[in-house]
Amino acid sequence: MKIVLLVLNCIFLAVGTCGGPLVMRLYFIKGGKRIWLSTWLQTVAWPINFLPLGISYFYSLKNINDNNNNNTKVILMTPRIFVATIGIGVLQGFGNYFYSYGTAKLPVSTSGLLFATQLAFTTGFAFLIAKLKFTSYLVNAVILLTIGVVLLALHSGGDQPEGETKKEYILGFIMTLAAAALSGLIFPLVELIYKKAHQAITYTLVLEFQTVYCFVATIVATIGMIINKDFLQKQLNLEKGDIIT
């Protein structure tokens, strides 16, 4: 059962990772302009986590009642982890905005390759924060990704979308790299939080962590939408196959 669940989660992750940027880019190609909305949509589905969390809590309560063990905790997240998770959520919210901005200005192939440099950032930050040890394979992967980004920078503009200025293209380039850097910072920070938790890292605890930080990231995006007046700019035009912009 564990193998089945693992494979199922990997499939969901693969579909989301590949399909998400394509759908987002399609929105901007069809005339979409609302970057904060795209940011908001990346984490707004956080309440879905309540389903597996509810099942987990149910079995925890059942275990407590069956064994008369009042020392078993149902909610595993401590106040210290909760505060740290809020900080991660804020970083994730801005990282999502940078990523949405880059997707709006760059072809999906270019933004995808640039965002893949998060491995290099993750490696660097993991070395500084989580004391990661370098291996030859890891170093080779980082070097190859870095060469790819350098080649893109040297030939920037060759895949520049029609009607987009050079300034917008370069800014999209920078924002995508910033998103990769933030993502590369978040992973080692999460690893550090788990290490400092001094408790077993269970599936329930990870779900609680994801629920809180996705909720906070959604709040950040919602505030951005309010400041940018996105709620007042909603336009509905379905003529000739247009989508909501």
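Criteria and thresholds
Residues numbered from 1 in each chain as written. Predicted model: local features only at pLDDT ≥ 70, side-chain atom pairs only at ≥ 80, totals over all residues. Heavy atoms only, no water. Helix = DSSP H or I, 4+ residues; strand = E, 2+ residues; numbered from the N terminus. Buried < 20%, exposed > 50% of the residue type's maximum accessible area, 1.4 Å probe, protein only. Contact = heavy atoms within 4.5 Å. Areas by Shrake-Rupley, 256 points an atom, 1.4 Å probe, with all protein chains shown as cover. Polar contact = N/O pair within 3.5 Å; in protein donor to acceptor, adjacent residues only side chain to side chain. Expected span 1.5 Å × (residues − 1). Axes fitted to C-alpha atoms, helices over the stretch in contact; angles between N-to-C directions. Parallel < 35°, antiparallel > 145°, perpendicular 65-115°, else oblique. Left-handed = near helix turned anticlockwise from the far one by under 90°. Nonpolar A, V, L, I, M, F, W, Y, C, P; charged D, E, K, R; others polar. Core = buried A, V, L, I, M, F, W, Y, C linked by side-chain atoms within 4.5 Å. Phe/Tyr/Trp six-rings, centres within 6.5 Å; stacked < 30°, edge-to-face > 60°. Lys NZ or Arg CZ within 6 Å of the ring centre and 35° of its normal.

(A) Region of interest: the overall build of the protein. Tallying secondary structure elements over the protein gives nine helices and zero strands in all. Shown N-terminal to C-terminal, the secondary structure of the protein runs as helices and strands in the order α-α-α-α-α-α-α-α-α. Counting all 245 residues of the protein, 38% fall into the buried class. Here the analysis covers contacts within the protein between residues at least 6 apart in sequence; of these, 80% occur between residues at least 24 apart. When the accessible surface of the protein is totalled, it reaches about 15000 Å², and 70% of it is carbon and sulfur.

(B) Quick peek at the side chain of Ser 56. Relative to the elements of secondary structure, Ser 56 occurs in helix H3 (residues 50–67). Of the polar contacts made by the side chain of Ser 56, one reaches the side chain of Thr 204; its length is 2.3 Å.

(C) Geometry of helix H9 (residues 203–227). Here H9 spans 36 Å end to end across 25 residues, near enough to the 36 Å set by a 1.5 Å rise per residue. Just downstream of H9 lies Lys 229, where phi reads positive at about 60 degrees.

(D) Broad picture of the packing of helix H1 (residues 2–29) against helix H4 (residues 79–105). Running from N to C, H1 and H4 point in directions that differ by 60 degrees, and their axes come no closer than 8 Å. When the axis of H1 is compared with that of H4, the two are oblique. The chirality of how H1 crosses H4 is right-handed. Taken together, the residues of H4 that come into contact with H1 (itself represented by Pro 21, Met 24, Arg 25 and Phe 28) are Tyr 99, Ser 100, Thr 103, Ala 104 and Lys 105. Residues that form the contact of H1 with H4 fall into these classes: five nonpolar, two polar and two charged.

(E) Focus on the packing of H3 against H9. The N-to-C vectors of H3 and H9 enclose an angle of 145 degrees; their axes lie 10 Å apart at closest approach. Crossing handedness for the pair H3 and H9: left-handed. Here Phe 50, Pro 52, Leu 53, Ser 56 and Tyr 57 of H3 lie close against H9, whose contacting residues are Thr 204, Leu 207, Glu 208 and Thr 211. Within the contact of H3 with H9, the residues separate by chemical class into five nonpolar, three polar and one charged.

(F) Just the environment of Gln 42, in detail. Relative to the assigned elements, Gln 42 resides in the loop between helix H2 (35–41) and H3. Given the relative accessible area of 32%, Gln 42 is considered partly exposed. Each C-alpha atom, one on Gln 42 and one on Thr 218, is 8.1 Å from the other, the two residues being 176 residues apart in sequence. Those residues within four positions of Gln 42 in sequence are excluded, and the remaining contacts are Met 24, Asn 96, Tyr 99 and Ser 100. At 3.2 Å, the side chain of Gln 42 forms a polar contact with the backbone oxygen of Asn 96.

(G) Region of interest: the side chain of Ser 111. Relative to the assigned elements, Ser 111 resides in helix H5 (residues 108–115). Side-chain polar atoms of Ser 111 contact the backbone oxygen of Val 108, separated by 3.1 Å. Residues contacting Ser 111, with those up to four places away along its chain left out, are Gly 102, Leu 106 and Thr 176.

(H) View of H1. Helix length check: H1, at 28 residues, gives a terminal C-alpha distance of 40 Å against a target of 40 Å (1.5 Å per residue), a fit within 8%. Every buried residue of H1 is listed here: Pro 21, Met 24, Arg 25, Tyr 27 and Phe 28.

(I) Structural context of the nonpolar core. In this structure, Met 77, Ile 81, Ile 88, Val 190, Ile 193, Phe 209 and Tyr 213 are the most contacted members of the largest nonpolar core, which totals 16 residues. Sorting the residues of this core by element identifies H4, helix H8 (166–197) and H9 as the ones contributing at least two each. Among the elements that line this core, the one with the most residues is H9, at six residues. If we ignore the near neighbours within four places in the chain, the residues touching Phe 209 are Met 77, Thr 85, Ile 88, Val 190, Ile 193 and Tyr 194. Listed in part, the 14 residues of the second largest apolar core include Tyr 27, Trp 36, Tyr 97 and Tyr 101.

(J) Spotlight on the packing of aromatic side chains. All told, the structure shown has 10 aromatic pairs when counted by the stated rule. Ring centres 5.6 Å apart and planes at 75 degrees place the aromatic pair Phe 58 and Tyr 59 in the edge-to-face group. Judged by its relative accessible area of 53%, Tyr 59 is exposed. Between Tyr 97 and Tyr 101, the aromatic rings sit 6.4 Å apart at their centres with planes inclined by 50 degrees, giving tilted as the arrangement. Note that Tyr 97 and Tyr 101 are positioned in helix H4 at a spacing of four residues, about one turn of the helix. What links up through ring pairs into an aromatic cluster is the set Trp 36, Tyr 97, Phe 98 and Tyr 101. Stacked on the ring of Tyr 101, the Lys or Arg Lys 105 has its end atom at 5.6 Å from the ring centre.

Interpretation note: all reported values are geometric properties and have no functional meaning in isolation.
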